[in-house]
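# Chain and residue survey
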Amino acid sequence: MLIADFVRAGLKEQGFTVDYCDNGNDGYLQALDNEYDAIVLDIMVPGKDGLSILKHLRREGRNTPIILLTARNELDDRLQGLNLGADDYIAKPFFVEELVARIHAVIRRGVGERQNFISVGSLKLDRITREVTCHQKAIELTTREFNLLEYLMRSPGRVFTRTQILEHVWGYDFNPNTNVVDVCIQRIRKKIDPINKEESIESIRGVGYRFRQPDIR
């Protein structure tokens, strides 16, 4: 029996709903297109390898808990995976009961982290401490600036109109011709862009703004 068949059968017996891909290219796209509670990722998956998938998902700002399946003696792979943002790893061969326990553990941790922490590319935002860092450098934001940045970072790539931003961040109706959103965006850019070395918040002419998806290389 293949490891993938063994894992799928064991997880389904434990009540999990399981999607499966037999190659890294399709798996990466499926992880981008769906919201999963957790991902079990084999480093040696055919196509795009597991570490590349992990790296690109994290650079896309995807914080889904990820458990790596590794060969028993490959310490370098495990260390690299953890440094790239893996939540846990399990060495082959393993008991499915142990994998189930680890999945439950990372899901419990991930729920709190996803609620309190946003990471897109090099920019990280902590909702509890209200701290923002870029390349590990602290960025001082006003309350309004923080709230606006958080709003955009929740959905990188999505375009928000000025009216939507006004209603969410300012909390009451403004004259639609006001430029308070544009002024606030400019202040945020002045603080972030010199550290990030690229435009984080994009202007969409005639529409509004969006937080730029990080480039994948």
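The coordinates are above.
A short tour of the structure in this document, coming up. Because the structure is predicted, anything quoted here is derived from the model rather than measured.

Tallying secondary structure elements over the protein chain gives eight helices and 10 strands in all. Taking all 217 residues of the protein chain together, 38% fall into the buried category. For the protein chain, restricting intrachain contacts to residue pairs at least 6 apart in sequence, the fraction spanning at least 24 positions comes to 51%. Counting every atom, the protein chain has about 12400 Å² of accessible surface; 48% of that belongs to carbon and sulfur. Here the protein chain contributes 31 positive and 32 negative side-chain charges, whose respective centroids are spaced 6 Å apart.

Overall, antiparallel pairing links the three strands, which are arranged S8-S10-S9 in an open sheet. Of all the strands in the sheet, the pair left with one neighbour each is strand S8 (160–161) and strand S9 (201–204). Examined bridge by bridge, S8 and strand S10 (residues 208–211) share two bridges and lie antiparallel to one another. Residue pairing in the sheet places Phe 160 in a bridge with Tyr 209 of S10. Sheet strands touched by helix H6 (residues 143–153): S8, S9 and S10. Its angle to S10, the strand with the most contacts, is close to 70 degrees.

Further remarks concern the environment of Leu 166. Positionally, Leu 166 belongs in helix H7 (residues 162–170). Residue Leu 166 is classed as buried on the basis of its relative accessible area, which comes to 7%. Separated by 14 residues in sequence, Leu 166 and Val 180 have C-alpha atoms that sit 8.5 Å apart.

With that settled, consider the pairing of strand S4 (residues 117–120). Pairing of S4 with strand S5 (residues 123–126) involves four bridges; the strand directions are antiparallel. Bridging across to S5, Phe 117 finds its partner in Asp 126. Once S4 ends, the chain turns through two residues before running back antiparallel as S5, passing Gly 121 with a positive phi of about 60 degrees.

Our focus in this paragraph is the sheet that holds strand S2 (residues 66–71). Sheet strands pair via backbone hydrogen bonds, and the direction of the pair is either parallel or antiparallel. The strand order S1-S2-S3 describes an open sheet built from three strands, whose pairing is parallel. Among the strands making up the open sheet, the edge pair consists of strand S1 (39–42) and strand S3 (88–92). The mean angle between the axes of side-by-side strands here comes to 25 degrees, regardless of whether they run parallel or antiparallel. Relative to S2, S1 runs parallel, the two being bridged by four bridges. Looking at the pairing, Asp 42 lines up with Leu 69 of S2.

In this section: the pairing of S1. Burial along S1 is one-sided: the residues Ile 39 and Leu 41 are buried and none of Val 40 and Asp 42 is. Taken together, S1, helix H3 (residues 50–59) and S2 constitute a β-α-β crossover, and its handedness is right-handed.

All right, on to the side chain of Asp 193 then. Relative to the elements of secondary structure, Asp 193 occurs in helix H8 (residues 180–196). Arg 189 provides the closest opposite charge to the buried, unpaired Asp 193, separated from it by 4.8 Å.

Attention now moves to the pattern of salt bridges. Note on pairing: side chains with opposite charge can pair once their charged atoms come close. If you walk through the whole model with that rule in mind, you get 11 salt bridges. Salt-bridge contacts for Glu 150 lead to Arg 154; the nearest nitrogen and oxygen are separated by 3.1 Å. On the basis of relative accessible area, Arg 154 is assigned to the partly exposed category, the value being 44%. In the salt-bridge network here, residues are joined through shared partners; they are Asp 88, Glu 98 and Arg 102.

About the criteria used
All residue numbers refer to position in the chain's written sequence, counted from 1. Only residues with pLDDT of at least 70 are given local features in this predicted model, and only at 80 or more are side-chain atom pairs given and counted; all residues enter the totals for whole chains, interfaces and linings. With hydrogens and water set aside, each side-chain value is computed from the structure's full complement of heavy atoms. A run of H or I in DSSP counts as a helix once it spans at least four residues, and a run of E counts as a strand once it spans at least two, with each numbered from the N terminus. A 1.4 Å probe rolled over the protein chains alone gives each residue an accessible area, and that area as a share of the maximum for its type sets the label: buried under 20%, exposed over 50%, partly exposed in between. Residue contacts are counted whenever heavy atoms from the two residues lie within 4.5 Å of one another. Note on areas: these come from Shrake-Rupley sampling with a 1.4 Å probe, and a residue is covered only by the protein chains present in the view. Note that His is not counted, nor are the chain ends; the positive residues are Lys and Arg, and the negative ones are Asp and Glu. Charge positions are represented by NZ for Lys, CZ for Arg, CG for Asp and CD for Glu. Strands qualify as paired when DSSP identifies two bridges or more between them. In this analysis an axis means a line fitted to C-alpha atoms, helices contributing only their contacting stretch, and an angle means the value between N-to-C directions, from 0 to 180 degrees. Orient the strands so they point away from the viewer, and a crossover whose first-strand-to-second-strand path over the helix runs clockwise is right-handed. Basic side-chain nitrogens of Lys or Arg form a salt bridge, by our definition, when they fall within 4 Å of a carboxyl oxygen of Asp or Glu.

Don't take any of this as a statement about function, it's just geometry.
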